[in-house]
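# Structural description and commentary
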Amino acid sequence: MNEAWGILAHVDAGKTTLSEAILYNAGVLADLGRVDKGSAFLDTNQQEKNRGITIFSKPAVFEYSGTKLTLLDTPGHVDFATETERAIWALDFAILLISGTDGVQAHTKTLFSLLEKNKVPTVIFINKTDMEGFNEDYCLSDLKEKLSTSCHLLTAVEDIAMENEEAMEEFLDTDTLSDNRIYELTLNRELFPVMKGSALKNKGVDELLGFIKGLSEYRSKQNAMARNEEFGAKIYKIESLGRDTRLTFAKITSGSIKVKDTLSNGEKVDQLRLYSGAKYTQIDEAYAGDVVAFVGPKNTFAGQGLGVVADRPELTITPVLKYKLEFLDDTIPRLAYPKLMALGDEDSSLNVKWNEALEEITFNLMGEVQTEILINRIETELGIKAKFTEAGVLYKETVKTTVEGVGHFEPLRHYAEAHILMEPLPIGSGIEVDSQVATDDLALNWQRLITTHILEREHLGTAIGAPLTDVKFTIVGGRAHIKHTEGGDFREATYRAIRQGLMEAGTEILEPYFDFEIVLPSNQIGRVMTDIENMGGSFDAPEDLGGDSKITGQAPAVSIRNYQATLVTFTKGMGHITLSNAHYNRCRNSEEVIASSNYNPEADIDNPADSVFCSHGAGIIVPWYEVKEKCHVPCIENAVDNDIDIDTPINSKRMNHSVDEWLDPDEIDNILRQATHSNHGKNPKKGWHYGESSRPRRVDSDYVYTAPKEVKSRQKYLLVDGYNLIYAWPELKEVLDVNLDGARGKLLDILSNYKAMTDYEVIAVFDAYKVKGHEVTASDYLNIHQVFTAEAQTADAYIERFTHEHGKKYDITVVTSDGLEQVIIRGAGARLFSSRDFIEEVERKVKELRENYNIK
């Protein structure tokens, strides 16, 4: 199996040089390329050649001593850290490169934390050990202090043995450790093996390749014992702008895929390409371990999981700076926007947006270098001359306190209500979703739909309209209607619930901070410390570097993002600042930010907090502050204190899927009598004639009609309101929450068995009233019949019509728990089973069968 190895490092650590040395030693390259000469094999983009940096992650496939491997070179500059994080998701292993003269940098720590988040086994290579200033002891100490105490040279066997009890036992027994033991520790991230050398002089590279080969083979053998043959893949990169076609780069994690196969999103693969640098080979089939490019799919995205693989979690690294694109030619912004969206396809973190009111296009970017790269691409690949201007930093918001948000959406023939508890989380936690609703109260498929709608978009705060973060959403209630609820209804209810809760509780603003590292002459350190304090930042005690000083800390991005120019000026070019690891903290000047934003949450028509209720057949808007007084499901703070019947039908609508509305036969007869006498009283001229043929019949369940002896007993029919019974039967409802067809099939099997134990002709009736153009269809299923109603016809209506037309001809029994339907059916002279009683009847019949035939 092909294993994917990524090389990661801070900028200028020698990452691309190491990639060249690896490919050269593996026989892929005839000569060693040089970054400074623009001849590096994996730096294929012209801007990479010109700048001497890696901008895009690229694969190279090679063999070393018979072992097939894929190398992924990743960007080292912090401005392209999102590209690196996307590539990490596709890695089996990582080589983390450290400059022997610089040690662990701020961005190195960020990369190490990303590898930890993705659980990628990591080998550390200390580069530039041939250069003056390299200190092995200092580097190892730096690694242990800033990354992990489990960083050990491979020659430090006793230190490695201390990491694991089994390893220690092996070491005590043999005075050494086997290669397999070291491989196992590395795979489990209990050990981060440290190797050293000089990539430029090709020293230590063969030793690194030997370890890579051994570790890859060891893992492949382990995976072979538990290989999954089902197809799975991780899409880590999209390339579209300026190319002849759109490329979807993916790591195949299991199974295989062939040309013309269809992906799980429904798109067909027209080509499979195996890339090495700028060159590629077309292949007919890709297997587990391969890193390939799909040609054909147009709707894939970076971070998408295919087959058995789930989508990637949200990126840790995101831009915190906002820029406006200004055009320097006669380009019309509105027409340019669709073309620029291709950039967003490649990198969704750019968040390319069109502001209709201002007619401007904005980007979220990491920094100055990224803006320069993008401007160059826009001009060379799209022929558009433009420039970026700063438009501020990207604030976020979080809910101030715990609140239950309620959203209701009920225009005519639609229905959904959602209750979502929102709790603030520690800063940096992101978004979490949970559910605390019983499936009896809200079906699992609706709960999953609410979860989808919570996660499918960025919800905005109410202070300045910034994206919401650090919130735990918990679904605590909701309601659907079997006939009137559609998927889009819960989208509306969910969005409105979140917005209603935020309006009630309020939100607080979070602003972005950068970690900084400043190196400058020691005699000017006081100026920097004063500047940082004035920014509202903080810092650690300065570190003496012998004539220079290094100061590290954090400060608001809005203040420190352009500090480099100030630093260069007063240090006369001797000072340098590095910004990294953007994160968020509470805003220091919220009132000022709110005032300058001029945001009115109640005027935001794209994010309504009000709900839609139904009154007298028409939808009405209920303001967000009145929604909790009118909602149909009680709020959780009221459910304990107040005696509220959650199962009360909504607005007198027929909720036959959630309530077992069984009426006693005497009650039904009483209703029928009242209706009869009421009609008689209103129109005496049309009163009843009490002749034998015209007086109302009793329809009590104990009434037995004595037929003349010459008349044969009527054929017995059992009509079942299919979906009504499925919702009432816990065993079937569990299946329904996963698969509708499965629940229907299981019900038909139960009815088929019941038919075999009785003398009924069984007809199961299912709604198809929402299927456009559908006509009534009837078919046989084993020994019973199934009917799907016509468009605009419900199962209730079909059963009622059948009963009225055939009630005198056949002996009809209906299984339903719809209260109104029961009255109509009884009025037509049919017998009734409530869903609950029918379930008990089936179980009784099964028990009798087992007892009679001694079935265990």
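Computed from a predicted structure; not experimentally measured. (Residues numbered from 1 in each chain as written. Predicted model: local features only at pLDDT ≥ 70, side-chain atom pairs only at ≥ 80, totals over all residues. Heavy atoms only, no water.)

## Some remarks on the overall build of the protein chain
For clarity, the cut-off: Secondary structure elements are defined from DSSP: runs of H or I of at least 4 residues count as helices, runs of E of at least 2 residues count as strands, and each element is numbered from the N terminus. A simple rule labels every residue: compare its accessible area, found with a 1.4 Å probe on the protein chains alone, to the largest value its type can have, and call it buried under 20%, exposed over 50%, or partly exposed in between. Any pair of residues with heavy atoms lying within 4.5 Å of one another is described as a contacting pair. In these tables, accessible area is a Shrake-Rupley quantity obtained with a 1.4 Å probe, and a residue counts as shielded only by the protein chains included in the view.
For the protein chain, the helix and strand inventory stands at 26 helices and 37 strands. Per-residue burial over the protein chain gives 51% buried out of 856 residues. For the protein chain, restricting intrachain contacts to residue pairs at least 6 apart in sequence, the fraction spanning at least 24 positions comes to 70%. Surface accessibility of the protein chain: about 40,600 Å² in total, with carbon and sulfur atoms responsible for 48%.

## A closer look at the packing of aromatic side chains
Cut-off, in case you're wondering: Put simply, two rings from Phe, Tyr or Trp (the six-membered ring, in Trp's case) pair if the centres are within 6.5 Å, and we call them stacked under 30 degrees between planes, edge-to-face over 60, tilted for the rest. Charge-over-ring contacts are defined here by two conditions on Lys NZ or Arg CZ: a distance within 6 Å of the ring centre and an angle within 35 degrees of the ring normal.
Summed over all chains, the structure comprises 19 aromatic pairs. Here the aromatic cluster, defined as three or more aromatic residues joined through ring pairs, consists of Tyr236, Phe249, Tyr275 and Tyr280. Between Arg527 and the ring centre of Phe570, over which it is positioned, the NZ or CZ distance is 4.3 Å. The cationic tip of Arg744 hangs over the ring face of Phe766; the distance from NZ or CZ to the ring centre is 5.8 Å.

## Topic: the side chain of Ser216
Relative to the assigned elements, Ser216 resides in helix 9 (residues 205-224). When neighbours within four sequence positions are excluded, Ser216 is seen to be in contact with Glu3, Trp5, Leu69 and Phe93.

## Focus on unusual backbone geometry
The phi torsion at Asp470 lies on the positive side, around 55°, for a residue other than glycine. As for its placement among the helices and strands, Asp470 is situated in the loop between helix 12 (444-455) and strand 24 (471-479). Accessibility expressed as a relative area gives 3% for Asp470, which makes it buried. Phi at Lys572 takes a positive value of approximately 55°, unusual for a residue other than glycine.

## Here we look at the environment of Gly296
Inspection of the secondary structure puts Gly296 in the loop between strand 14 (291-295) and strand 15 (305-307). Considering only alpha carbons, one finds Gly296 and Thr245, 51 residues apart in sequence, at a separation of 8.2 Å. Aside from chain neighbours lying at most four places away, what touches Gly296 is Arg246, Lys268 and Asp270.

## A closer look at the pattern of salt bridges
So the rule is basically this: A side-chain nitrogen of Lys or Arg and a carboxyl oxygen of Asp or Glu constitute a salt bridge if their distance falls within 4 Å.
A complete count under the given rule lists 38 salt bridges for this structure. A salt bridge links Arg377 to Glu381, with the nearest nitrogen and oxygen atoms 3.4 Å apart. Linking Arg377 with Glu381, this pair stays in helix 11 (residues 368-382), spanning four residues, or about one helical turn. One salt-bridge network, held together by shared partners, links Glu3, Asp92, Arg219 and Lys251.

## A closer look at the packing of helix 14 (residues 525-535) against helix 16 (residues 563-570)
The condition that has to hold: A fitted line through C-alpha atoms serves as each axis, taken over the contacting stretch for helices, and the angle formed by two N-to-C directions is quoted from 0 to 180°. Angles are sorted into four bins: roughly parallel if under 35 degrees, roughly antiparallel if over 145, roughly perpendicular if 65 to 115, and oblique for all others. For any helix crossing, the convention is left-handed if the near helix is rotated counterclockwise from the far helix by under a right angle, and right-handed if that rotation is clockwise.
At a closest axis distance of 12 Å, the pairing of helix 14 and helix 16 adopts a crossing angle of 155°. As summarised for this structure, helix 14 and helix 16 are arranged roughly antiparallel, according to the angle between their axes. For helix 14 against helix 16, the interelement crossing comes out right-handed. Between helix 14 and helix 16, the residues in contact are Arg527, Val528, Asp531 and Met535 and Tyr563, Thr566, Leu567 and Phe570, respectively.

## Regarding the packing of helix 10 (residues 333-346) against helix 11
For the record, the criterion: Residues are grouped as follows: Ala, Val, Leu, Ile, Met, Phe, Trp, Tyr, Cys and Pro are nonpolar; Asp, Glu, Lys and Arg are charged; every other residue, Gly included, is polar.
Between helix 10 and helix 11, the least distance of the axes is 11 Å, while the angle of their chain directions is 125°. Classified by the angle their axes make, helix 10 and helix 11 are oblique. The crossing of helix 10 and helix 11 is right-handed. Listed contacts from helix 11 to Lys339, Leu340, Leu343 and Glu346 of helix 10 are Leu374, Arg377, Ile378 and Leu382. A class-by-class count of the residues in the contact of helix 10 with helix 11 yields five nonpolar, no polar and three charged.

## Here's the deal with the state of the cysteines
Keep this limit in mind: Cysteine sulfur atoms are paired as a disulfide whenever they come within 2.5 Å of each other.
Under the defined criterion, the tally for this structure stands at zero disulfides. With no disulfide of its own, Cys635 lies closest to Cys631 among cysteine sulfurs, the gap being 4.2 Å.

## Quick look at the sheet that holds strand 35 (residues 784-788)
The strands that make up a sheet pair up through hydrogen bonds in the backbone, lying either parallel or antiparallel. Just so we agree on the cut-off: A pair of strands is considered paired only if DSSP assigns at least 2 bridges between the two.
Read from one edge to the other, the open sheet built from six strands follows the order 34-35-33-32-36-37, with strand pairing classed as mixed. Each of the sheet's edge strands pairs with one partner strand only, and the pair in question is strand 34 (777-781) and strand 37 (831-833). With direction set aside, neighbouring strand axes in the sheet form an average angle of 25°. In this structure, strand 33 (residues 761-766) lies alongside strand 35, joined through four bridges in parallel fashion. Its bridge partner lying in strand 35, Ala764 is registered against Gln786. The strands that helix 24 (residues 795-806) touches are strand 32 (716-721), strand 33, strand 35 and strand 36 (811-815); relative to strand 32, the one it contacts most, it runs at about 160°.

## Notes on the pairing of strand 35
When a strand is regular, its side chains alternate between the sheet's two faces. Counting buried residues along strand 35, four of its five residues qualify, which places the element largely inside the surrounding structure. Where strand 34 meets strand 35, five bridges bridge the pair, whose relative direction is antiparallel. Of the residues in strand 35, the one forming a bridge with Ala778 is Val787. Linking strand 34 to strand 35, which pair antiparallel, is a turn of two residues; within it Leu782 sits at a positive phi near 55°.

## As for the sheet that holds strand 11 (residues 271-276)
Strands sit in the order 12-11-14-9-8-15 across an open sheet of six strands; the sheet is antiparallel. Edge positions in the sheet fall to strand 12 (279-283) and strand 15, since each of these pairs with one other strand and no more. Averaged over neighbouring strand pairs, the angle between their axes works out to 35° when direction is ignored. Two elements, strand 8 (residues 232-239) and strand 9 (residues 247-254), share seven bridges in a ladder whose sense is antiparallel. Its bridge partner lying in strand 9, Ala233 is registered against Ile252.

## Description of the confidence of the model for the protein chain
Let me state the cut-off plainly: Values of pLDDT, the confidence the predictor places in each residue, fall between 0 and 100.
Considering every residue of the protein chain, the mean pLDDT works out to 84; 85% of them sit at 70 or more. Residue range residues 671-712 is modelled with pLDDT below 50. Its contacts to residues more than four positions away, or to other chains, number 25 contacts.

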